[in-house]
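Geometric and topological summary
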Amino acid sequence: MSQSKAMILGCAGLSPTKDELALYREERPWGFILFARNLSEPEQIRDLVAGLKDAIGRPDAPVLIDQEGGRVQRIRAPHVEAYPPAARLGEIYEIDRGAGLRAAWLMSRLHAFDLTRLGITVNCLPVLDVLVEGSTQAIGNRSYGRDPAAVTALGTAASEGLKAGGMLPVMKHIPGHGRALVDSHHDLPIVTASIEELDAQDFAPFRALKDEVMAMSAHLVFTAIDPDRPATTSPKVINEIIRGRIGFEGLLLSDDSSMNALKGTLGERAADIVAGGCDIVLHCNGVMDEMRQVVAKVPELSGESLRRAETAEAAFRPADATDERAARAEFWALVSEAKA
């Protein structure tokens, strides 16, 4: 069987079209990512996931989702509960650290119950971005807060809850998106903080969780490191900061290549992401013309990127014996009892 290509793709609707299936079979993405437009009833989601995996002949292909809680929760009620945003966990932690850590672990463990029964295996959390005053609401309450130590502790608990449930986490957005003053979906954020400030605050949670197997890059410029290129496409940021100063050696996914913080055609963006040092190009919106441009520029997984992908795939472990009903009751009791 041919080697997977260094990319994760989306699809346009509730089921893959003939053209999409043909593209997947021919181009062999390493995995897939799902959004609200792809998700309806549980049976439909299971069928979609099975169809995507079958298209590339890999029943163990990673299937990703952003199921954080709050406004970034792709599967919603009535199919899963309406979970709070990360900021609520941060509020609980401020009142009672033990309760906050337990709530963070439990919420991730509940995500794992919800998602694994649908065939979804990777959740793109924790958000380890440390907020600063005036930063864009694109992160906002998706962050645990402004204290790097609290973000680290809660992010660690959230990661462990996913892994206990048989899923893998993706840390985001490395090396830190909390200082962005504009939304990278629409514009390129420019961060002018010194390397010392960044090291003490923004990089700290990622350094503490550097042994996780996957992380997602940040589409923003750090003028103190590379004033010309966003972190996602910057060899200097990736090699000197993410791989060097932070020490992350896992699989590095780009944030979505269709976001307008990146410039150029989708093919040019994909080529820049690969050249910058990301292991995997992420393309999310399912637009066929864009996907064709991306797949033309993405190589097969090889070398260190292949090794990291294989390490990530080998990191899945069986779910623990947590009782789901008891976990749900405990989680919502913690959320309701801790009054900010």
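Located above this text is the structure these notes cover.
Report on the accompanying structure.

The rules behind these values
Residues numbered from 1 in each chain as written. Predicted model: local features only at pLDDT ≥ 70, side-chain atom pairs only at ≥ 80, totals over all residues. Heavy atoms only, no water. Helix = DSSP H or I, 4+ residues; strand = E, 2+ residues; numbered from the N terminus. Rg over C-alpha atoms; globule rule 2.2 N^0.38 Å. Buried < 20%, exposed > 50% of the residue type's maximum accessible area, 1.4 Å probe, protein only. Contact = heavy atoms within 4.5 Å. Phe/Tyr/Trp six-rings, centres within 6.5 Å; stacked < 30°, edge-to-face > 60°. Lys NZ or Arg CZ within 6 Å of the ring centre and 35° of its normal. Polar contact = N/O pair within 3.5 Å; in protein donor to acceptor, adjacent residues only side chain to side chain. Pairing = 2+ DSSP bridges. Axes fitted to C-alpha atoms, helices over the stretch in contact; angles between N-to-C directions. Salt bridge = Lys/Arg side-chain N within 4 Å of Asp/Glu carboxyl O.

A word on the overall build of the chain
When you go through the chain residue by residue, the secondary structure sums to 12 helices and 13 strands. Taken over C-alpha atoms, the radius of gyration comes to 19 Å for the chain, in line with the 20 Å a tight globule of 340 residues would show. With the principal axes as the frame, the chain shows a C-alpha extent of 50 × 50 × 30 Å. Taken across its 340 residues, the chain has 59% of its residues classed as buried.

A word on helix H9 (residues 266-276)
Among the residues of H9, Leu266, Gly267, Arg269, Ala270, Ile273 and Gly276 are the ones counted as buried. Residues of H9 that are buried sit in contact with helix H8 (235-245), strand E13 (281-283) and helix H10 (288-297). Two residues or fewer after H9 comes Gly277, characterised by a positive phi angle close to 120°.

Digging into the packing of aromatic side chains
For the structure shown, the criterion picks out 4 aromatic pairs. Taking the centre distance of 5.0 Å and the plane angle of 75° together, the rings of Tyr24 and Phe32 count as edge-to-face. The buried category is assigned to Tyr24, whose relative accessible area is 0%. Where Tyr83 meets Trp332, the ring centres are 6.2 Å apart and the plane angle is 10°; that geometry is what we call stacked. With Tyr83 in the loop between strand E5 (72-73) and helix H3 (86-95) and Trp332 in helix H12 (residues 324-337), the pair connects residues that are 249 residues apart, well separated along the chain. Every member of this aromatic cluster is reached through a ring pair, and the members are Tyr83, Phe331 and Trp332. Lying across the ring of Phe113, Arg109 places its NZ or CZ 3.9 Å from the centre.

Some thoughts on the environment of Asn285
Mapped onto the fold, Asn285 is located in the loop between E13 and H10. For Asn285 and Phe35, which are 250 residues apart along the polypeptide, the C-alpha to C-alpha distance reads 8.3 Å. When sequence neighbours within four positions are dropped, the list of residues in contact with Asn285 reads Cys11, Arg37, Ser258 and Glu290. Of note is the side chain of Asn285, whose polar atom sits 3.4 Å from the side chain of His283.

Side note on the pairing of strand E2 (residues 29-34)
Across the 6 residues that make up E2, a large majority, 6, are buried. As judged from the 3 bridges shared by strand E1 (residues 5-9) and E2, these two strands associate in the parallel manner. Following the sheet pairing, Lys5 is matched in E2 by Pro29. In this sheet, strand E3 (residues 63-65) lies alongside E2 in parallel orientation, the contact comprising 3 bridges.

Notes on the sheet that holds strand E8 (residues 171-174)
Spatially, the 3 strands line up as an open sheet ordered E8-E10-E12, and their pairing is parallel. Each of the sheet's edge strands pairs with one partner strand only, and the pair in question is E8 and strand E12 (251-253). Sheet twist, expressed as the average angle between the axes of neighbouring strands with direction ignored, equals 35°.

Details of the pattern of salt bridges
Enumeration according to the criterion identifies 26 salt bridges in this entry. We note a salt bridge from Glu313 to Arg58, for which the minimum N-O separation is 3.1 Å. Taken together, the positions of Glu313 in helix H11 (residues 303-314) and Arg58 in the loop between helix H2 (42-55) and E3 put the pair 255 residues apart, joining distant regions of the chain. For Arg58, a relative accessible area of 10% translates into the label buried. Several salt bridges converge on common partners, so that one network encompasses Asp66, Glu68, Arg74, Arg142 and Lys172.

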